[in-house]
Amino acid sequence: GAVVSQHPSWVICKSGTSVKIECRSLDFQATTMFWYRQFPKQSLMLMATSNEGSKATYEQGVEKDKFLINHASLTLSTLTVTSAHPEDSSFYICSARDRSGRVNEQFFGPGTRLTVL
Amino acid sequence: RKEVEQDPGPFNVPEGATVAFNCTYSNSASQSFFWYRQDCRKEPKLLMSVYSSGNEDGRFTAQLNRASQYISLLIRDSKLSDSATYLCVVIGYNFNKFYFGSGTKLNVKP
């Protein structure tokens, strides 16, 4: 149980385009999902906390107009990187907290590798 | 100052060796502590929780020292399959945020 999927698993796009990444909890309901970014040889950095039915909470330094988050249902959150640039190339990972599970437990998706040319 | 600090390594050890990783955290109000394992280009996977009383799972032993704000992971009888990056994770006082260390890379050689 507790499976989280992400789609796509990798994407290559041209500079200036927008890219949407989906995060789904497959066998549980997630009121809260988290979006992380990981650059090579660095730690996962929390970008934003996505709450179902309300606005996402962004970490300091993360532009909310550039990284649009929509958590429209209890099993789906999307991250849209708008007008992507090469410096946005990174590994984007989501995680989800089971609404009926332990508060300190998060289940991670397999990640999406974004390359912006 | 970073929330969680780890020695990046790499630790290069032969099969069968015992290796230990350390991690320090800055916020004394942190509530929960974990070790995650991350293979190259994959998502992190939970290895084990860390308690003040110590936690052992087979060849892996984790320890927490709240007074020193220090977490450790000991791997005995290293296997080739243990090669990965080990991430120290600390959960903030409100249980909402995971803070990841930058990871310690382990290479187990035959």
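The preceding data block contains the structure.
Structure report, in brief. As the structure is a prediction and not an experimental result, all values here were calculated from the model. (Residues numbered from 1 in each chain as written. Chains lettered and ligands numbered in written order. Predicted model: local features only at pLDDT ≥ 70, side-chain atom pairs only at ≥ 80, totals over all residues. Heavy atoms only, no water.)

1. As for the interface of chain A and chain B
Phase 1: Across the boundary between the two partners, chain A contributes 19 residues, which contact 17 residues of chain B.
Phase 2: For the pair chain A and chain B, the summed buried area comes to about 1,500 Å², and 54% of that belongs to carbon and sulfur atoms.
Phase 3: Inspection of the region where chain A meets chain B yields one salt bridge.
Phase 4: Of the charged contacts in the structure, one is a salt bridge between Glu59(A) and Lys97(B), with a shortest N-O distance of 3.0 Å.
Phase 5: Those elements that provide at least two residues to the side of chain A that touches chain B are strand S4 (30-38), strand S5 (45-51) and strand S9 (90-98) of chain A. (Contact = heavy atoms within 4.5 Å. Buried area = accessible area lost by both parts, 1.4 Å probe. Salt bridge = Lys/Arg side-chain N within 4 Å of Asp/Glu carboxyl O. Helix = DSSP H or I, 4+ residues; strand = E, 2+ residues; numbered from the N terminus.)

2. A look at the environment of Lys109(B)
Residues and elements named next belong to chain B.
Phase 1: Within the secondary structure, Lys 109 sits in strand S11 (residues 104-109).
Phase 2: Expressed as a C-alpha distance, the spacing of Lys 109 and Ser 81, which sit 28 residues apart in the sequence, is 9.9 Å.
Phase 3: Apart from residues lying up to four places away in sequence, Lys 109 is in contact with Asn 12, Val 13, Pro 14, Glu 15 and Leu 80.

3. A look at the sheet that holds strand S8 (residues 76-81) of chain A
All names here are of chain A.
Phase 1: One open sheet holds the four strands; their spatial order is S1-S3-S8-S7, and the pairing between them is antiparallel. Only two strands of the sheet have a single partner each, and these edge strands are strand S1 (4-7) and strand S7 (67-73). Direction aside, the axes of adjacent strands within the sheet are offset by 15° on average.
Phase 2: Of the strand pairs in this sheet, S7 and S8 are connected by five bridges, and their pairing is antiparallel. Pairing of Leu 68 across the sheet is with Thr 80, part of S8. (Pairing = 2+ DSSP bridges. Axes fitted to C-alpha atoms, helices over the stretch in contact; angles between N-to-C directions.)

4. Brief notes about the pairing of strand S8 (residues 70-75) of chain B
All names here are of chain B.
Phase 1: Alignment of strand S3 (residues 19-25) against S8, held across six bridges, turns out to be antiparallel. Note that in S8 the partner of Thr 24 across the bridge is Tyr 70.
Phase 2: Bridging between strand S7 (residues 60-65) and S8 involves six bridges; their strand directions are antiparallel. Its bridge partner lying in S8, Asn 65 is registered against Tyr 70.
Phase 3: Once S7 ends, the chain turns through four residues before running back antiparallel as S8, passing Gln 69 with a positive phi of about 55°.

5. Re unusual backbone geometry
Trans peptide bonds make up the majority, and among non-glycine residues the majority have a negative phi.
Phase 1: A cis amide bond links His7(A) to the next residue, Pro8(A), at an omega of 0°.
Phase 2: Mapped onto the fold, Pro8(A) is located in the loop between S1 and strand S2 (10-13).
Phase 3: With an omega dihedral of 5°, the bond running from Gly9(B) to Pro10(B) counts as a cis peptide bond.
Phase 4: With respect to the helices and strands, the residue Pro10(B) is situated in the loop between strand S1 (4-6) and strand S2 (11-14).
Phase 5: Of note in the backbone geometry, Asp77(B) takes a positive phi value of approximately 50° without being a glycine.
Phase 6: The exposure class assigned to Asp77(B) is partly exposed, which follows from its relative accessible area of 36%. (Buried < 20%, exposed > 50% of the residue type's maximum accessible area, 1.4 Å probe, protein only.)

6. Some points on the pairing of S1(A)
Residues and elements named next belong to chain A.
Phase 1: Here S1 shows a buried face lined by Val 4 and Gln 6 and an unburied face lined by Ser 5 and His 7.
Phase 2: As paired strands, S1 and strand S3 (residues 19-25) are joined by four bridges and run antiparallel to one another. Note that in S3 the partner of Val 4 across the bridge is Ser 25.

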